[in-house]
Amino acid sequence: MNKELEEKAHWIDEYHEGVRYGLEGKVILEESSPFQHITIYESKKYGKALLLDGCWMTAEKSEKCYHESLIHPALCSSKQINNILIIGGGDGGSARECLRYQEVKSVDLIEIDQRVIELSKKYLPIIGEKAWSDARLNVKIKNGIDWVKNTENNAYDVIIIDGADPIGPSKKLYSYSFLKDCKRILKPGGVFATQSESPESFHQIHINIVKVLRQIFDYADPLYGFVSIYPSGLWSWSFASMEKPIYMYPIESRVKEIAEKCQIWSERWQKGAFNTIPAFIERDLAKND
Ligand code: SPD
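Residues numbered from 1 in each chain as written. Predicted model: local features only at pLDDT ≥ 70, side-chain atom pairs only at ≥ 80, totals over all residues. Heavy atoms only, no water.

### Quick look at the site of the ligand
In the vicinity of the ligand, the residues found are W56, M57, Y66, H67, D91, D162, G163, A164, D165, Q195, Y230 and W235. Between D165 and the ligand, the recorded distance is 2.7 Å, taken from a side-chain N or O atom to a nitrogen atom. For the ligand, the protein covers 98% of the area, taking 340 Å² as the surface of the free molecule. Residue assignment for the shell around the ligand shows that the elements contributing at least two residues are β5 (55-59) and α2 (63-75). The residue inventory of the shell around the ligand, partitioned by class, reads six nonpolar, three polar and three charged. (Near = heavy atom within 4 Å. Polar contact = N/O pair within 3.5 Å; in protein donor to acceptor, adjacent residues only side chain to side chain. Areas by Shrake-Rupley, 256 points an atom, 1.4 Å probe, with all protein chains shown as cover. Helix = DSSP H or I, 4+ residues; strand = E, 2+ residues; numbered from the N terminus. Nonpolar A, V, L, I, M, F, W, Y, C, P; charged D, E, K, R; others polar.)

### Regarding the packing of helix α7 (residues 176-185) against helix α8 (residues 203-216)
The contact between α7 and α8 brings their axes to 10 Å, and the two run at 45°. Classified by the angle between their axes, α7 and α8 sit oblique to one another. For the element pair α7 and α8, the recorded crossing hand is right-handed. Contacts between α7 and α8 involve Y176, L179, K180 and K183 from the former and V212, L213, Q215 and I216 from the latter. When its residues are assigned to classes, the contact of α7 with α8 shows five nonpolar, one polar and two charged. (Axes fitted to C-alpha atoms, helices over the stretch in contact; angles between N-to-C directions. Parallel < 35°, antiparallel > 145°, perpendicular 65-115°, else oblique. Left-handed = near helix turned anticlockwise from the far one by under 90°. Contact = heavy atoms within 4.5 Å.)

### Observations regarding the nonpolar core
Of all hydrophobic cores here, the largest spans 50 residues; its most connected members are W56, L75, I84 and I160. Looking at which element gives the most residues to this core, the answer is α2, with six residues. Taken together, domain 1 (3-59) and domain 2 (63-286) each give at least three residues to this core, which thus spans both. By size, the runner-up hydrophobic cluster in this structure holds 25 residues, among which are Y174, F178, L179 and L186. (Core = buried A, V, L, I, M, F, W, Y, C linked by side-chain atoms within 4.5 Å. Buried < 20%, exposed > 50% of the residue type's maximum accessible area, 1.4 Å probe, protein only. Domains from an automatic or database assignment.)

### Quick look at the side chain of E68
Tracing the chain through its elements places E68 in helix α2. Among buried charged residues, E68 stands out as having no salt bridge; its nearest opposite-charge side chain is R96, 5.6 Å away. Looking at E68, its side chain comes within polar contact range of the main-chain nitrogen of I264, at 2.7 Å. When sequence neighbours within four positions are dropped, the list of residues in contact with E68 reads P73, E97, K261, C262, Q263, I264 and W265. (Lys, Arg positive; Asp, Glu negative; His and termini not counted. Salt bridge = Lys/Arg side-chain N within 4 Å of Asp/Glu carboxyl O.)

### Some points on the packing of α8 against helix α11 (residues 279-286)
Each packed pair of helices is defined by two parameters, the angle between the axes and the distance between the axes. Two numbers describe how α8 lies on α11: the axes approach to 10 Å, and their chain directions differ by 50°. By the angle between their directions, the pair α8 and α11 is classed as oblique. At the point where α8 passes α11, the crossing takes the right-handed sense. The residues of α11 that touch α8, namely those facing H203, H206, I207, V210, K211 and R214, are F280, I281, D284 and L285. Class assignment for the residues of the contact of α8 with α11 results in five nonpolar, two polar and three charged.

So this is what it looks like as structure tokens:
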């Protein structure tokens, strides 16, 4: 951190149910878009960071924990990975991870808030990296719910939901009707993936997401990892498919292509991450309600 920043250092906290999750640093920019309040922050420990409506979304030095965990279990296992849909993901990190695969022919990134993309490109270019100039990436500034509703059946090999928390504008990204539409537009042999909150800080929301996925798809399972800047640090991502839980079984050629480039994800890590389900979560998921 430079001297000027050192002098002005203060804290930003995400508040959640009587707990604060904070980083020391300095606000670089704050503005309100038509959709949300956006903050760009320079933190002492994790580098530049993005907050939406006061919640941590990403930071330069912790984003790999999130993006690798969301993308690689899906892309390593889907039968085909020609066409990928990302809903949200305006910082570019999910697109970057998808585009590491040679087999990927197109990635449609549907982000509702143009300012998130503009500010991420300007202040967090290290996250989107070369994805922004990759000819396979199609960015559309649109509402993801409408996009999915208006897409024909069996359109995508992999669907990734990289949304904000299910409060406010992103709530519908976790609803039964939206997720049912996602299944409709997923090709047979495809994999669906979504961030699914912290089993500790957002316990009931996490349970609800996995249960809704299990109502819609034949198989759905959460995987657990860490994102230090998020509430509790413990985070989850959930994967769903039809006929077999194929997301559990990475395809060897893809593992070979990708593993060396990853900081967190590996075949071994993924196996453990699906298995570190806390006992009380397993019990809660088994309950009928
Ligand atoms: N509390 C954070 C929930 C996850 C939000 N998505 C992060 C976007 C990173 N591309």
